[in-house]
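As a plain string of letters, each chain reads:
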Amino acid sequence: MSKLSRRFIKGILVCLLLQTGLVCPAAAAEELIYRGVTFQGQALGEMDRDNVFKIVQAENESVAVRRLSITAAGLQEPLTATYQEMGIHIDGERTWQEAYALGRSGNWWENLWKRWQLARKGAEVPLFLRVDDTALLQKLEELAQPFTQEPQNAELIIGTNNAIEIKPHALGRKADIEAAAADIKMALSAQPKQAIRVEMRFVPLEPEKTTATIEAYRITGLLSATRTVFNAGKVNRTRNIQLAAKALNNTLIAPGEVFSFNKTVGPRTKAQGYDEADIIVKNELVPGVGGGVCQVSTTLYNSALKAELQIVERTPHSMLISYVAPGMDATVVYGSRDLQFRNNTRGHLIIQTAVYQGSLEIKIFGYPLGRRVELRSTKEEEVQPKTIYKEDPAVPRGSYVLEREGSIGYIYRVERLIYDAKGVLIKREQISKDYYPPADRIIRTFAGSLLLDDSFL
(Lines give C-alpha, C1' and ligand atoms only; values in the text may rest on other atoms or scores of the structure.)
Protein backbone atom coordinates (compact mmCIF):
# COMPACT_ATOMS: atom_id res chain seq x y z
CA MET A 1 0.00 0.00 0.00
CA SER A 2 1.37 3.38 -0.95
CA LYS A 3 1.91 6.25 1.44
CA LEU A 4 -0.86 8.12 -0.29
CA SER A 5 -3.29 5.27 0.37
CA ARG A 6 -2.34 5.09 4.07
CA ARG A 7 -2.79 8.82 4.51
CA PHE A 8 -6.15 8.61 2.77
CA ILE A 9 -7.35 5.86 5.15
CA LYS A 10 -6.13 7.76 8.23
CA GLY A 11 -7.92 10.83 7.04
CA ILE A 12 -11.16 8.93 6.60
CA LEU A 13 -10.82 7.45 10.13
CA VAL A 14 -10.19 10.85 11.68
CA CYS A 15 -13.20 12.31 9.93
CA LEU A 16 -15.37 9.45 11.12
CA LEU A 17 -14.11 9.84 14.71
CA LEU A 18 -14.69 13.57 14.67
CA GLN A 19 -18.15 13.23 13.15
CA THR A 20 -19.22 10.65 15.69
CA GLY A 21 -17.79 12.74 18.57
CA LEU A 22 -15.63 9.88 19.83
CA VAL A 23 -12.53 12.08 19.77
CA CYS A 24 -12.92 15.57 21.14
CA PRO A 25 -10.48 18.09 19.74
CA ALA A 26 -11.15 20.35 22.74
CA ALA A 27 -9.77 17.69 25.10
CA ALA A 28 -6.42 17.77 23.34
CA ALA A 29 -6.34 21.53 23.07
CA GLU A 30 -7.44 22.38 26.61
CA GLU A 31 -5.77 19.51 28.51
CA LEU A 32 -8.97 17.76 29.42
CA ILE A 33 -9.40 14.08 30.16
CA TYR A 34 -10.65 12.00 27.24
CA ARG A 35 -14.09 10.44 27.17
CA GLY A 36 -14.41 6.96 28.59
CA VAL A 37 -12.14 7.55 31.61
CA THR A 38 -13.81 6.87 34.96
CA PHE A 39 -12.81 6.95 38.62
CA GLN A 40 -14.73 5.10 41.30
CA GLY A 41 -17.50 4.69 38.70
CA GLN A 42 -17.70 8.39 37.92
CA ALA A 43 -17.03 9.73 34.40
CA LEU A 44 -14.05 12.07 34.15
CA GLY A 45 -14.30 12.72 30.40
CA GLU A 46 -13.70 16.33 29.34
CA MET A 47 -12.83 17.33 32.93
CA ASP A 48 -9.91 19.56 33.85
CA ARG A 49 -7.62 19.21 36.89
CA ASP A 50 -9.80 21.26 39.24
CA ASN A 51 -12.88 19.19 38.52
CA VAL A 52 -10.97 15.95 39.01
CA PHE A 53 -9.80 17.16 42.43
CA LYS A 54 -13.42 17.93 43.36
CA ILE A 55 -14.34 14.34 42.51
CA VAL A 56 -11.39 13.08 44.57
CA GLN A 57 -12.36 15.28 47.51
CA ALA A 58 -15.89 13.90 47.47
CA GLU A 59 -14.57 10.32 47.32
CA ASN A 60 -12.22 11.07 50.23
CA GLU A 61 -15.22 11.50 52.51
CA SER A 62 -16.12 7.85 52.08
CA VAL A 63 -12.48 6.72 52.31
CA ALA A 64 -11.93 8.69 55.54
CA VAL A 65 -14.45 6.59 57.50
CA ARG A 66 -13.01 3.24 56.47
CA ARG A 67 -11.48 1.36 59.41
CA LEU A 68 -8.15 -0.45 59.58
CA SER A 69 -7.66 -3.32 62.07
CA ILE A 70 -4.54 -4.07 64.10
CA THR A 71 -4.05 -7.34 65.96
CA ALA A 72 -1.46 -8.12 68.62
CA ALA A 73 -0.43 -11.13 70.67
CA GLY A 74 -2.70 -11.53 73.67
CA LEU A 75 -5.31 -9.15 72.25
CA GLN A 76 -8.78 -10.68 72.07
CA GLU A 77 -10.34 -8.01 69.87
CA PRO A 78 -8.38 -6.10 67.21
CA LEU A 79 -7.76 -2.40 67.57
CA THR A 80 -9.28 -0.22 64.89
CA ALA A 81 -8.83 3.29 63.61
CA THR A 82 -10.26 5.23 60.69
CA TYR A 83 -8.25 6.06 57.62
CA GLN A 84 -8.63 9.73 58.50
CA GLU A 85 -7.11 9.16 61.98
CA MET A 86 -4.18 7.40 60.36
CA GLY A 87 -3.60 10.06 57.75
CA ILE A 88 -4.72 7.87 54.80
CA HIS A 89 -6.40 9.65 51.89
CA ILE A 90 -6.76 9.47 48.11
CA ASP A 91 -3.76 10.75 46.19
CA GLY A 92 -5.46 13.45 44.09
CA GLU A 93 -2.37 14.45 42.13
CA ARG A 94 -1.61 10.91 41.03
CA THR A 95 -5.28 10.30 40.17
CA TRP A 96 -5.23 13.33 37.88
CA GLN A 97 -1.90 12.36 36.27
CA GLU A 98 -3.04 8.77 35.61
CA ALA A 99 -6.40 9.89 34.18
CA TYR A 100 -4.85 12.57 31.97
CA ALA A 101 -2.19 10.18 30.62
CA LEU A 102 -4.81 7.80 29.16
CA GLY A 103 -4.79 8.26 25.38
CA ARG A 104 -1.56 10.30 25.45
CA SER A 105 1.18 7.72 25.94
CA GLY A 106 2.16 6.90 22.32
CA ASN A 107 2.66 8.42 18.92
CA TRP A 108 -0.09 10.22 17.07
CA TRP A 109 -1.58 7.13 15.43
CA GLU A 110 -1.28 4.99 18.61
CA ASN A 111 -2.93 7.68 20.71
CA LEU A 112 -5.75 7.99 18.17
CA TRP A 113 -6.36 4.26 18.40
CA LYS A 114 -6.26 4.36 22.23
CA ARG A 115 -8.78 7.17 22.36
CA TRP A 116 -11.09 5.22 20.07
CA GLN A 117 -10.75 2.24 22.45
CA LEU A 118 -11.43 4.51 25.43
CA ALA A 119 -14.59 5.78 23.79
CA ARG A 120 -15.76 2.22 23.00
CA LYS A 121 -14.69 0.25 26.09
CA GLY A 122 -13.73 2.85 28.74
CA ALA A 123 -10.95 2.68 31.39
CA GLU A 124 -11.11 2.95 35.19
CA VAL A 125 -8.38 4.86 37.03
CA PRO A 126 -7.15 2.77 40.00
CA LEU A 127 -7.60 3.96 43.57
CA PHE A 128 -4.29 5.43 44.71
CA LEU A 129 -4.01 6.04 48.46
CA ARG A 130 -1.48 8.34 50.08
CA VAL A 131 -0.27 8.21 53.70
CA ASP A 132 0.73 11.07 56.00
CA ASP A 133 3.66 9.42 57.79
CA THR A 134 3.51 11.71 60.83
CA ALA A 135 -0.20 11.07 61.43
CA LEU A 136 0.19 7.32 60.85
CA LEU A 137 3.08 6.93 63.30
CA GLN A 138 1.35 9.10 65.87
CA LYS A 139 -1.85 7.03 65.74
CA LEU A 140 0.06 3.75 65.85
CA GLU A 141 1.97 5.00 68.89
CA GLU A 142 -1.31 5.85 70.56
CA LEU A 143 -2.81 2.44 69.79
CA ALA A 144 0.29 0.59 70.98
CA GLN A 145 0.66 2.53 74.24
CA PRO A 146 -1.33 0.04 76.39
CA PHE A 147 0.97 -2.75 75.23
CA THR A 148 4.21 -0.94 76.01
CA GLN A 149 5.99 -2.28 79.09
CA GLU A 150 8.88 -0.40 80.64
CA PRO A 151 11.90 -2.52 81.57
CA GLN A 152 12.76 -2.91 85.24
CA ASN A 153 16.32 -2.37 86.42
CA ALA A 154 18.07 -4.99 88.48
CA GLU A 155 18.47 -3.83 92.07
CA LEU A 156 21.04 -4.35 94.76
CA ILE A 157 19.13 -4.96 97.99
CA ILE A 158 20.82 -4.65 101.37
CA GLY A 159 18.92 -6.31 104.20
CA THR A 160 18.73 -5.19 107.81
CA ASN A 161 21.34 -7.83 108.67
CA ASN A 162 23.69 -6.42 105.96
CA ALA A 163 22.98 -9.41 103.70
CA ILE A 164 23.29 -8.65 99.97
CA GLU A 165 20.86 -9.89 97.34
CA ILE A 166 20.20 -8.92 93.73
CA LYS A 167 16.69 -8.45 92.41
CA PRO A 168 16.88 -9.58 88.73
CA HIS A 169 15.98 -7.22 85.93
CA ALA A 170 12.84 -7.58 83.83
CA LEU A 171 12.71 -6.97 80.10
CA GLY A 172 10.19 -4.53 78.72
CA ARG A 173 8.69 -4.40 75.28
CA LYS A 174 7.87 -1.76 72.72
CA ALA A 175 5.67 -1.96 69.65
CA ASP A 176 7.59 -1.91 66.37
CA ILE A 177 5.77 1.13 65.05
CA GLU A 178 7.94 1.51 61.95
CA ALA A 179 7.33 -2.12 60.91
CA ALA A 180 3.56 -1.75 61.38
CA ALA A 181 3.56 1.43 59.30
CA ALA A 182 5.48 -0.34 56.52
CA ASP A 183 2.99 -3.26 56.58
CA ILE A 184 0.07 -0.84 56.33
CA LYS A 185 1.58 1.00 53.39
CA MET A 186 2.28 -2.26 51.57
CA ALA A 187 -1.26 -3.52 52.14
CA LEU A 188 -2.78 -0.21 50.98
CA SER A 189 -0.70 -0.34 47.82
CA ALA A 190 -1.56 -3.98 47.06
CA GLN A 191 -5.24 -3.92 47.95
CA PRO A 192 -6.46 -0.32 48.29
CA LYS A 193 -10.15 -1.25 48.11
CA GLN A 194 -10.07 -4.14 50.57
CA ALA A 195 -10.19 -4.12 54.37
CA ILE A 196 -6.70 -3.89 55.88
CA ARG A 197 -5.65 -6.03 58.82
CA VAL A 198 -2.06 -6.01 60.12
CA GLU A 199 -0.34 -7.55 63.13
CA MET A 200 1.55 -5.40 65.61
CA ARG A 201 4.95 -6.85 66.44
CA PHE A 202 7.06 -6.00 69.48
CA VAL A 203 10.75 -5.57 70.20
CA PRO A 204 12.26 -6.24 73.65
CA LEU A 205 13.54 -3.36 75.77
CA GLU A 206 16.57 -3.92 77.98
CA PRO A 207 16.86 -1.96 81.22
CA GLU A 208 19.75 0.37 81.93
CA LYS A 209 20.98 -1.95 84.68
CA THR A 210 20.75 -5.67 84.01
CA THR A 211 21.36 -8.45 86.51
CA ALA A 212 24.80 -8.93 84.95
CA THR A 213 25.56 -5.23 85.48
CA ILE A 214 24.84 -5.47 89.21
CA GLU A 215 26.74 -8.74 89.54
CA ALA A 216 29.76 -7.11 87.90
CA TYR A 217 29.84 -4.55 90.74
CA ARG A 218 31.11 -7.37 93.00
CA ILE A 219 29.36 -5.92 96.02
CA THR A 220 28.96 -8.98 98.23
CA GLY A 221 29.15 -7.77 101.83
CA LEU A 222 29.83 -5.16 104.48
CA LEU A 223 33.33 -3.65 104.53
CA SER A 224 32.93 -1.22 107.41
CA ALA A 225 30.50 0.63 109.64
CA THR A 226 30.91 3.66 111.91
CA ARG A 227 28.38 5.13 114.31
CA THR A 228 28.60 8.52 116.01
CA VAL A 229 26.14 10.25 118.33
CA PHE A 230 24.83 13.81 118.52
CA ASN A 231 22.38 15.90 120.51
CA ALA A 232 19.07 15.54 118.69
CA GLY A 233 17.76 18.49 120.73
CA LYS A 234 19.83 20.83 118.57
CA VAL A 235 17.28 20.97 115.80
CA ASN A 236 19.25 22.96 113.23
CA ARG A 237 22.35 20.83 113.60
CA THR A 238 20.27 17.66 113.37
CA ARG A 239 18.60 18.93 110.20
CA ASN A 240 22.00 19.61 108.61
CA ILE A 241 23.24 16.12 109.48
CA GLN A 242 20.12 14.58 107.94
CA LEU A 243 20.49 16.55 104.69
CA ALA A 244 24.16 15.67 104.19
CA ALA A 245 23.59 11.99 105.10
CA LYS A 246 20.71 11.78 102.62
CA ALA A 247 22.92 13.20 99.85
CA LEU A 248 25.50 10.48 100.55
CA ASN A 249 23.08 7.57 100.77
CA ASN A 250 23.42 4.93 98.00
CA THR A 251 26.42 6.64 96.42
CA LEU A 252 28.11 4.18 94.05
CA ILE A 253 31.89 4.39 93.60
CA ALA A 254 33.59 2.54 90.76
CA PRO A 255 36.99 0.84 91.10
CA GLY A 256 39.76 3.43 90.84
CA GLU A 257 37.32 6.34 91.22
CA VAL A 258 38.11 9.13 93.67
CA PHE A 259 35.15 10.02 95.86
CA SER A 260 34.67 13.69 96.78
CA PHE A 261 32.48 14.64 99.73
CA ASN A 262 31.93 18.20 98.51
CA LYS A 263 31.06 17.11 94.99
CA THR A 264 28.60 14.49 96.24
CA VAL A 265 26.90 16.51 98.99
CA GLY A 266 27.06 19.87 97.21
CA PRO A 267 27.15 23.37 98.72
CA ARG A 268 25.76 23.81 102.21
CA THR A 269 23.59 26.89 101.81
CA LYS A 270 20.19 28.04 103.00
CA ALA A 271 18.96 27.65 99.43
CA GLN A 272 19.79 23.95 99.76
CA GLY A 273 17.89 23.70 103.04
CA TYR A 274 20.78 23.99 105.50
CA ASP A 275 20.39 25.97 108.74
CA GLU A 276 22.72 27.81 111.08
CA ALA A 277 24.43 25.78 113.79
CA ASP A 278 27.78 25.83 115.59
CA ILE A 279 30.90 25.41 113.48
CA ILE A 280 34.56 25.48 114.54
CA VAL A 281 36.55 28.52 113.45
CA LYS A 282 40.04 29.11 114.84
CA ASN A 283 39.54 26.94 117.90
CA GLU A 284 36.16 28.44 118.73
CA LEU A 285 32.51 27.55 118.16
CA VAL A 286 30.64 30.19 116.16
CA PRO A 287 27.29 30.10 114.32
CA GLY A 288 27.51 29.14 110.64
CA VAL A 289 25.26 27.71 107.92
CA GLY A 290 25.77 23.97 107.65
CA GLY A 291 27.04 23.36 111.17
CA GLY A 292 27.04 19.61 111.88
CA VAL A 293 27.98 18.50 108.35
CA CYS A 294 31.52 17.83 109.59
CA GLN A 295 30.12 15.05 111.77
CA VAL A 296 28.91 13.37 108.59
CA SER A 297 32.29 13.75 106.86
CA THR A 298 34.08 12.53 109.99
CA THR A 299 31.85 9.46 110.32
CA LEU A 300 32.42 8.66 106.66
CA TYR A 301 36.18 9.16 107.07
CA ASN A 302 36.28 6.55 109.81
CA SER A 303 34.34 4.07 107.68
CA ALA A 304 36.71 4.71 104.77
CA LEU A 305 39.70 4.00 107.01
CA LYS A 306 38.11 0.77 108.28
CA ALA A 307 37.40 -0.29 104.68
CA GLU A 308 41.14 0.03 103.90
CA LEU A 309 40.51 2.78 101.36
CA GLN A 310 43.24 5.14 100.21
CA ILE A 311 42.75 8.63 101.65
CA VAL A 312 43.46 11.33 99.05
CA GLU A 313 42.50 14.48 100.99
CA ARG A 314 41.53 15.07 104.60
CA THR A 315 41.93 17.96 107.07
CA PRO A 316 41.54 17.79 110.87
CA HIS A 317 39.63 20.38 112.88
CA SER A 318 41.46 23.08 114.82
CA MET A 319 40.32 21.53 118.10
CA LEU A 320 39.39 18.11 119.43
CA ILE A 321 35.81 16.99 118.95
CA SER A 322 33.79 14.74 121.17
CA TYR A 323 32.20 12.19 118.84
CA VAL A 324 35.38 10.45 117.59
CA ALA A 325 38.84 9.71 118.94
CA PRO A 326 41.52 12.41 118.45
CA GLY A 327 43.06 12.35 114.99
CA MET A 328 40.08 10.64 113.41
CA ASP A 329 38.07 13.71 112.47
CA ALA A 330 37.69 15.26 109.01
CA THR A 331 36.51 18.82 108.52
CA VAL A 332 34.99 19.97 105.24
CA VAL A 333 34.38 23.45 103.83
CA TYR A 334 32.74 23.68 100.43
CA GLY A 335 35.18 25.12 97.91
CA SER A 336 38.29 24.80 100.09
CA ARG A 337 38.48 21.70 102.29
CA ASP A 338 37.29 18.33 101.06
CA LEU A 339 37.27 14.69 102.10
CA GLN A 340 38.44 12.50 99.26
CA PHE A 341 39.35 8.83 99.07
CA ARG A 342 40.07 6.39 96.26
CA ASN A 343 38.29 3.10 95.70
CA ASN A 344 41.34 0.87 95.63
CA THR A 345 39.33 -2.36 95.93
CA ARG A 346 38.48 -4.99 93.33
CA GLY A 347 34.87 -3.93 92.86
CA HIS A 348 32.39 -1.12 93.28
CA LEU A 349 31.56 0.42 96.63
CA ILE A 350 28.22 1.66 97.87
CA ILE A 351 27.71 4.03 100.78
CA GLN A 352 24.66 3.65 102.99
CA THR A 353 23.68 6.16 105.66
CA ALA A 354 21.10 6.07 108.43
CA VAL A 355 20.15 8.80 110.90
CA TYR A 356 18.40 7.60 114.01
CA GLN A 357 17.32 9.52 117.12
CA GLY A 358 20.62 11.11 118.11
CA SER A 359 22.91 8.84 116.08
CA LEU A 360 24.44 8.67 112.61
CA GLU A 361 25.64 5.43 111.05
CA ILE A 362 27.56 5.15 107.79
CA LYS A 363 28.32 1.80 106.18
CA ILE A 364 30.44 0.94 103.17
CA PHE A 365 29.66 -2.22 101.21
CA GLY A 366 31.92 -3.86 98.66
CA TYR A 367 33.98 -6.98 98.17
CA PRO A 368 35.17 -8.18 101.63
CA LEU A 369 38.57 -9.81 101.95
CA GLY A 370 37.86 -11.36 105.33
CA ARG A 371 40.25 -9.07 107.18
CA ARG A 372 39.85 -7.01 110.34
CA VAL A 373 40.92 -3.38 110.65
CA GLU A 374 41.81 -1.59 113.87
CA LEU A 375 42.31 2.17 114.14
CA ARG A 376 44.59 3.33 116.92
CA SER A 377 44.90 6.93 118.18
CA THR A 378 48.00 7.74 120.23
CA LYS A 379 48.78 11.01 122.01
CA GLU A 380 52.36 11.95 121.31
CA GLU A 381 52.64 15.37 122.89
CA GLU A 382 50.81 18.01 124.90
CA VAL A 383 51.34 21.67 124.07
CA GLN A 384 50.69 24.12 126.90
CA PRO A 385 48.78 27.29 126.13
CA LYS A 386 50.25 30.75 126.56
CA THR A 387 48.78 33.41 128.81
CA ILE A 388 47.87 36.62 127.06
CA TYR A 389 47.25 39.82 129.05
CA LYS A 390 45.06 42.56 127.68
CA GLU A 391 44.83 45.98 129.24
CA ASP A 392 41.24 47.07 129.64
CA PRO A 393 40.30 50.45 131.22
CA ALA A 394 36.90 48.99 132.07
CA VAL A 395 38.52 46.59 134.57
CA PRO A 396 38.77 48.11 138.13
CA ARG A 397 42.23 48.66 139.60
CA GLY A 398 43.43 45.57 141.39
CA SER A 399 40.93 43.32 139.58
CA TYR A 400 41.37 40.81 136.80
CA VAL A 401 38.91 39.32 134.37
CA LEU A 402 39.44 35.88 132.84
CA GLU A 403 38.30 36.34 129.24
CA ARG A 404 39.16 32.79 128.14
CA GLU A 405 40.28 29.82 130.17
CA GLY A 406 42.49 28.43 127.46
CA SER A 407 43.13 24.79 126.65
CA ILE A 408 46.00 22.43 126.07
CA GLY A 409 47.06 21.56 122.53
CA TYR A 410 47.89 18.06 121.36
CA ILE A 411 49.72 16.06 118.72
CA TYR A 412 48.07 12.76 117.92
CA ARG A 413 49.22 9.93 115.70
CA VAL A 414 46.71 7.59 114.05
CA GLU A 415 47.64 4.12 112.80
CA ARG A 416 45.74 1.50 110.87
CA LEU A 417 46.39 -2.12 111.79
CA ILE A 418 45.18 -4.84 109.44
CA TYR A 419 44.75 -8.45 110.54
CA ASP A 420 44.05 -11.50 108.38
CA ALA A 421 41.21 -13.96 108.94
CA LYS A 422 43.34 -15.82 111.52
CA GLY A 423 44.02 -12.67 113.51
CA VAL A 424 47.63 -12.29 112.36
CA LEU A 425 48.82 -8.69 111.92
CA ILE A 426 49.71 -8.33 108.23
CA LYS A 427 50.03 -4.57 107.89
CA ARG A 428 50.62 -1.57 110.12
CA GLU A 429 50.61 1.94 108.67
CA GLN A 430 50.57 5.48 109.95
CA ILE A 431 47.54 7.32 108.64
CA SER A 432 48.15 10.80 110.03
CA LYS A 433 49.88 12.91 112.63
CA ASP A 434 47.69 15.85 113.56
CA TYR A 435 48.39 18.99 115.53
CA TYR A 436 45.55 20.49 117.51
CA PRO A 437 46.86 23.91 118.63
CA PRO A 438 46.32 25.11 122.19
CA ALA A 439 43.91 27.93 122.91
CA ASP A 440 45.72 30.74 124.69
CA ARG A 441 44.54 31.85 128.12
CA ILE A 442 43.37 35.49 127.94
CA ILE A 443 43.26 37.76 130.98
CA ARG A 444 42.00 41.35 130.95
CA THR A 445 43.67 43.68 133.49
CA PHE A 446 43.38 47.30 134.64
CA ALA A 447 45.16 49.59 132.21
CA GLY A 448 48.80 50.02 133.23
CA SER A 449 48.80 47.06 135.59
CA LEU A 450 51.22 44.28 134.75
CA LEU A 451 51.36 42.54 138.15
CA LEU A 452 48.96 39.71 138.82
CA ASP A 453 48.03 37.93 142.01
CA ASP A 454 49.74 34.55 142.10
CA SER A 455 46.60 33.00 143.50
CA PHE A 456 44.68 34.14 140.42
CA LEU A 457 47.23 32.58 138.16
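Scroll up to find the structure.
Cut-offs used in this document
Residues numbered from 1 in each chain as written. Predicted model: local features only at pLDDT ≥ 70, side-chain atom pairs only at ≥ 80, totals over all residues. Heavy atoms only, no water. Axes fitted to C-alpha atoms, helices over the stretch in contact; angles between N-to-C directions. Helix = DSSP H or I, 4+ residues; strand = E, 2+ residues; numbered from the N terminus. Parallel < 35°, antiparallel > 145°, perpendicular 65-115°, else oblique. Left-handed = near helix turned anticlockwise from the far one by under 90°. Contact = heavy atoms within 4.5 Å. Pairing = 2+ DSSP bridges. Polar contact = N/O pair within 3.5 Å; in protein donor to acceptor, adjacent residues only side chain to side chain. Salt bridge = Lys/Arg side-chain N within 4 Å of Asp/Glu carboxyl O. Buried < 20%, exposed > 50% of the residue type's maximum accessible area, 1.4 Å probe, protein only.

**Focus on the packing of helix α9 (residues 235–248) against helix α11 (residues 293–306)**
Reasoning step 1: As a packed pair, α9 and α11 sit with axes 7 Å apart at the nearest point and diverge in direction by 45 degrees. As far as their axial angle goes, α11 and α9 are oblique. Classified by chirality, the crossing of α11 by α9 is right-handed. Between α9, through R237, N240, I241, A244, A245 and L248, and α11, the contact on the second element is made entirely by V293, Q295, V296 and L300.

**Thoughts on the sheet that holds strand β14 (residues 251–253)**
Reasoning step 1: Read across the sheet, 4 strands follow the order β13-β21-β20-β14 without closing on themselves; strand pairing throughout is antiparallel. Looking at strand neighbours, the two that pair on one side only are β13 (221–229) and β14, the edges of this open sheet. Direction aside, neighbouring strands of the sheet carry axes that sit 20 degrees apart on average.
Reasoning step 2: In the packing of α9 onto the sheet, the strands contacted are β14, β20 (349–356) and β21 (359–366), and the crossing angle to β20 comes to about 155 degrees.
Reasoning step 3: Across the face of the sheet, α11 comes into contact with β13, β20 and β21 while running at roughly 145 degrees to β13.

**Concerning the side chain of T95**
Reasoning step 1: Position of T95 among the secondary structure elements: in helix α4 (residues 92–101).
Reasoning step 2: Separated by 2.8 Å, the side chain of T95 and the backbone oxygen of D91 make a polar contact.
Reasoning step 3: Every residue in contact with T95, bar those within four places of it in the chain, is listed here: F39, V56, I90, V125 and F128.

**Overview of the pattern of salt bridges**
Reasoning step 1: A complete count under the given rule lists 22 salt bridges for this structure.
Reasoning step 2: Linking R49 and E93 is a salt bridge whose minimum nitrogen-to-oxygen distance equals 2.2 Å. With R49 in helix α3 (residues 49–64) and E93 in helix α4, the pair connects residues that are 44 residues apart, well separated along the chain.
Reasoning step 3: For R49, a relative accessible area of 35% translates into the label partly exposed.
Reasoning step 4: A relative accessible area of 30% places E93 in the partly exposed class.

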